[in-house]
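Commentary on secondary and tertiary structure
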Amino acid sequence: MYRISELAQRVGLSRSTLLYYEKLGLICGARQSNGYRRYSDSDLQRLKLLQQLQAGGLSLKECLACLEAKVDRDTLLQRLNVLDEEIAQKQKARALLSSMLGLNSMRDWHQSLEHSAPSAHLDWLMKQGFSEKHALRLKWLSKDMNEHQHYMADFERIFEGLVHLGPTSKQDSLKALQMLPSTQGKLLDIGCGKGVTSILLAEHSQFEVTALDNDEYSLSCLAESVRNLGLTDRIVTQCTSMTEMPFESEQFDVLWSEGSAYIMGVEQALKQWRRFIKPNGYLVVSDLVWLTDERDQSAQVFWQQNYPQMSTVQQRKEMVKNTGYQLVDSFTLSETAWDNYLQPLAHKMSTVEESEFISNALVDIKTELSIHRQFLGQYGYQMFVLKKLGQ
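Within any chain, residue numbers begin from 1 and follow the written order of that chain's sequence. Under the rules for a predicted model, residues below a pLDDT of 70 receive no local features and side-chain atom pairs below 80 are neither given nor counted, while totals for whole chains, interfaces and linings still include all residues. Hydrogens are left out, water is left out, and the side-chain values use all remaining heavy atoms of the structure.

Quick word on the side chain of S334
Mapped onto the secondary structure, S334 falls in the loop between strand 10 (325–332) and helix 16 (335–350). For this analysis, residues touch if any pair of their heavy atoms sits within 4.5 Å. What S334 contacts, discounting residues up to four positions off in sequence, is S169, Q171 and D172. Secondary structure elements follow DSSP: runs of H or I of four or more residues count as helices, runs of E of two or more count as strands, with numbering from the N terminus.

Examining the pairing of strand 11 (residues 379–388)
Remember that side chains alternate between the two faces of the sheet whenever the strand is regular. Three exposure classes are used, based on accessible area relative to the maximum for each residue type with a 1.4 Å probe and protein chains only: buried under 20%, partly exposed in between, and exposed over 50%. Where burial is concerned, most of strand 11 is hidden: nine out of the 10 residues are buried. Here, strands pair whenever DSSP counts at least two bridges between them. With nine bridges joining them, strand 8 (residues 277–290) and strand 11 adopt antiparallel strand pairing. Each bridged residue has a counterpart across the sheet, and for L283 the counterpart in strand 11 is L386.

Description of the sheet that holds strand 1 (residues 2–3)
One open sheet accounts for three strands, arranged 1-3-2; its pairing is antiparallel. Edge positions in the open sheet fall to strand 1 and strand 2 (30–31), since each of these has one partner strand only. Judged from the two bridges that link them, strand 2 and strand 3 (residues 37–39) form a sheet pairing that is antiparallel. Within strand 3, the residue paired with A30 across the bridge is R38.

Observations regarding the packing of aromatic side chains
Aromatic pairing here means that ring centres of Phe, Tyr or Trp (its six-membered ring) are within 6.5 Å. Orientation follows from the plane angle: under 30 degrees is stacked, over 60 is edge-to-face, and everything else is tilted. Within the structure shown, the criterion is met by 12 aromatic pairs. For the ring pair W140 and Y307, a centre distance of 5.8 Å and an interplane angle of 80° mean the geometry is edge-to-face. In this pair, W140 sits in helix 8 (residues 132–142) while Y307 sits in the loop between helix 14 (297–306) and strand 9 (311–312), placing the two residues 167 residues apart along the sequence. As far as the burial class goes, W140 and Y307 line up, both buried. For the ring pair W338 and Y379, a centre distance of 6.5 Å and an interplane angle of 75° mean the geometry is edge-to-face. Here W338 is found in helix 16, whereas its partner Y379 is found in strand 11, with 41 residues between them in sequence. Judged by relative accessible area, which is 1%, Y379 ranks as buried. Should the NZ of a Lys or the CZ of an Arg lie within 6 Å of a ring centre and within 35 degrees of the ring normal, that charge is described as sitting over the ring. Here the basic side chain of R157 rests over the ring of F357, its NZ or CZ set 4.8 Å away from the ring centre. The lysine or arginine in question, K175, covers the ring of F331, its NZ or CZ lying 4.3 Å from the ring centre.

Describing unusual backbone geometry
For K143, which is not a glycine, the phi torsion comes out positive at approximately 55°. Along the chain, K143 turns up in the loop between helix 8 and helix 9 (148–159). A relative accessible area of 5% means that K143 is categorised as buried. Although it is not a glycine, N280 adopts a positive phi angle of roughly 65°. Here N280 lies in strand 8. Overall, the relative accessible area of 48% leaves N280 in the partly exposed class.

What about the pattern of salt bridges?
Only one rule defines a salt bridge in this text: a Lys or Arg side-chain nitrogen within 4 Å of an Asp or Glu carboxyl oxygen. Scanning the model with the defined rule gives 14 salt bridges in all. In this structure, the salt-bridge partner of R37 is E22, at a minimum N-O distance of 3.5 Å. With R37 in strand 3 and E22 in helix 2 (residues 15–24), this residue pair connects regions lying 15 residues apart in the sequence. Residue classification places R37 among the partly exposed positions, given a relative accessible area of 29%. Under the relative-accessibility criterion, E22 is labelled buried at 17%. Linking E267 and K271 is a salt bridge whose minimum nitrogen-to-oxygen distance equals 3.5 Å. With E267 and K271 both in helix 13 (residues 266–273), this residue pair falls four residues apart, about one helical turn. Residue classification places E267 among the partly exposed positions, given a relative accessible area of 38%. For K271, a relative accessible area of 51% corresponds to the exposed category. Put simply, K133, R137, E156 and D215 are held in one network by salt bridges that share partners.

Digging into the environment of Q78
Checked against the element boundaries, Q78 lands in helix 5 (residues 73–100). Since its relative accessible area comes to 55%, Q78 is described here as exposed. In this structure the C-alpha to C-alpha distance between Q78 and Q378, which are 300 residues apart in sequence, comes to 45 Å.

Details of the packing of helix 1 (residues 4–11) against helix 3 (residues 41–55)
All axes are obtained by fitting lines to C-alpha atoms, using only the stretch in contact for helices, and the reported angles, taken between N-to-C directions, cover 0 to 180 degrees. At their nearest, the axes of helix 1 and helix 3 sit 10 Å apart, and the two run at 35° to each other. Relative to helix 3, helix 1 is oriented so that their crossing is right-handed. Where helix 1 abuts helix 3, its residues L7, R10 and V11 lie against L44, L47, K48 and Q51. Counted by class, the contact of helix 1 with helix 3 contains four nonpolar, one polar and two charged residues. Crossings are sorted by hand: turned counterclockwise from the far helix by less than a right angle, the near helix makes the crossing left-handed, and turned clockwise it makes it right-handed. Each residue receives one of three labels: charged for Asp, Glu, Lys and Arg, nonpolar for Ala, Val, Leu, Ile, Met, Phe, Trp, Tyr, Cys and Pro, and polar for the others, Gly being one of them.

Purely geometric stuff here, so don't read any function into it on its own.
And the structure:
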């Protein structure tokens, strides 16, 4: 026989808990002549059985039901499902903490956050010490803060010496240029890269071109080309972010952005860049869009992971209306634009050794090339020529 204090010590419960259990009828103390309660070994064993049932995740009410009758299989199955869900959540939490400690990849987490909260994702990355340039590159390229440095080193090595960093062609750019009513004034080329389009526009118009990018190396390549071509009085470079451009309101007659608006989000770009355009000025922008209603599942999964904001041409046209522009015209970039990008890249890939790369950069680019070979045509780049409405 046990006094209540002895029983409490045996099972690791408080005296008040045991009194509550006695009130529920789980244990039954016998009051002695001296007024103290005494409990039997049967009470001790019922308490230990109760604790085992509770360890299985059952509520006290469910435990009592199991003690008094047959096990309710449906109740146990329901509790098992709840525990499975809790375990899955705990495993996700553990994986995230492990990733943030650098023990494994954060890629899935970055991709999930980029899909659900892209602006918060960028802000958080910058608070972790990444510059805006590298935070944006992490969002769209490495997708893993733990391997970003190695990834970008591998990525830049692959693209070293390549002129086209994305699909573009002389004929497509000139086609868009010809849609403008005037080719004089000030033009800002946003996300110019190594300046292929900047030079083309300067050579085929009277625009004073400002070429903007946040990559100093690309701008140095452009500056060298400008000097060699004798265009120093026509093109100036500006190394800064497209999200915080240091220009006056209504400074430019035309803003030009081929394949770069996605970096800050096309809708945000249309809204934010609008103030830099003169009244009745123009914005020329290209973006990757779905071109067909029937899409291969593999292509959809790939772009959902790599460009979750990707939409259709019609959806982009609706966005144009809702952000204060009139659509002048739009067209799909030619096969030549893609050939200019893909063929040199594929050739470069054939000359490198996988063993020389330590990040996922090489694998990612090979995967992208494979997707393009199989499904290009279901999607493509669309050029939009827009006129600013109102003030």
